[in-house]
Amino acid sequence: MLKFILTGYIENALCQAEYDKLEDGTFSGRIPSCEGVVAFGKTLRECEDELRSTLEDWVLLGLKLGHKLPVLGEYDLNRIPRDERVAAL
């Protein structure tokens, strides 16, 4: 089975999402293990979409700035990639 680490990480994080319906009828969502990943939407679906987008930006910015990201399940984005050179033909 082919695994995509970034996709797996995002999906694993979204499985941990917590949503609340606010007093004004809108929704908020957050991912407790990913500090600062919060989103709001007029509908639950809009909130879910916004949370995914916020999470993706959070992960990419964290990787760019070298922040330690939480390990989610089997997904650890903190590993240093190996340099596997391919011999030229």
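Anything mentioned here points back to the structure above.
Residues numbered from 1 in each chain as written. Predicted model: local features only at pLDDT ≥ 70, side-chain atom pairs only at ≥ 80, totals over all residues. Heavy atoms only, no water.

Chemist: I tried to follow the packing of helix H1 (residues 5-15) against helix H2 (residues 44-65) on my own but got confused; where do I start?
Modeler: Packed helices, taken two at a time, are described by the angle their axes make and the gap between the axes. Running from N to C, H1 and H2 cross one another at 130°; their axes reach a closest spacing of 11 Å. As summarised for this structure, H1 and H2 are arranged oblique, according to the angle between their axes. Considering the relative orientation of H1 and H2, their crossing is right-handed. Of the residues in H2, those touching H1 at Leu6, Tyr9, Ile10, Glu11, Ala13 and Leu14 are Leu51, Arg52, Leu55, Glu56, Trp58, Val59 and Leu60. Looking at the contact of H1 with H2 residue by residue, the classes come out as 10 nonpolar, no polar and three charged. (Axes fitted to C-alpha atoms, helices over the stretch in contact; angles between N-to-C directions. Helix = DSSP H or I, 4+ residues; strand = E, 2+ residues; numbered from the N terminus. Parallel < 35°, antiparallel > 145°, perpendicular 65-115°, else oblique. Left-handed = near helix turned anticlockwise from the far one by under 90°. Contact = heavy atoms within 4.5 Å. Nonpolar A, V, L, I, M, F, W, Y, C, P; charged D, E, K, R; others polar.)

Chemist: Explain the side chain of serine 28 to me, please; I cannot follow it from the model alone.
Modeler: Within the secondary structure, serine 28 sits in strand E2 (residues 27-30). Among all residues touching serine 28, those that are not within four sequence positions of it are Glu18, Tyr19, Asp20, Leu22, Ala39, Phe40 and Cys47.

Chemist: Please explain the nonpolar core as it appears in this structure.
Modeler: Note that soluble globular proteins tend to have their nonpolar side chains buried in a common cluster. Among the nonpolar cores identified, the biggest contains 16 residues, and Tyr9, Ile31, Cys34, Leu51, Leu55 and Val59 are the most heavily contacted of them. Broken down by secondary-structure element, the contributors of at least two residues to this core are H1 and H2. With four residues, H1 is the largest single contributor of residues to this core. Non-local contacts of cysteine 34, meaning those with residues more than four positions away in its chain, are made with Ala13, Leu55, Trp58, Pro70 and Leu72. (Core = buried A, V, L, I, M, F, W, Y, C linked by side-chain atoms within 4.5 Å. Buried < 20%, exposed > 50% of the residue type's maximum accessible area, 1.4 Å probe, protein only.)

Chemist: Would you mind showing me how to read the pattern of salt bridges here?
Modeler: Inspection of every chain in the model, using the stated rule, returns three salt bridges. Among the salt bridges present, the one from glutamate 11 reaches arginine 52, with a minimum N-O distance of 2.8 Å. Separated by 41 residues along the polypeptide, glutamate 11 in helix H1 and arginine 52 in helix H2 bring together distant segments of the chain. Residue arginine 52 is classed as partly exposed on the basis of its relative accessible area, which comes to 31%. Note that aspartate 49 and arginine 45 form a salt bridge whose closest N and O atoms lie 3.5 Å from each other. Here aspartate 49 and its partner arginine 45 are both found in helix H2, four residues apart, which amounts to about one turn of the helix. For aspartate 49, a relative accessible area of 41% gives the class partly exposed. (Salt bridge = Lys/Arg side-chain N within 4 Å of Asp/Glu carboxyl O.)

Chemist: What's the story with the environment of phenylalanine 27 in this structure? I'm lost.
Modeler: You can see phenylalanine 27 is positioned in strand E2. Residue class for phenylalanine 27 comes out buried when judged on its relative accessible area of 16%. Placed 13 residues apart in sequence, phenylalanine 27 and phenylalanine 40 show a C-alpha to C-alpha distance of 5.6 Å. Among all residues touching phenylalanine 27, those that are not within four sequence positions of it are Asp20, Lys21, Leu22, Ala39, Phe40, Gly41, Lys42, Thr43, Leu44 and Cys47.

Any link to function would need more than the numbers given here.
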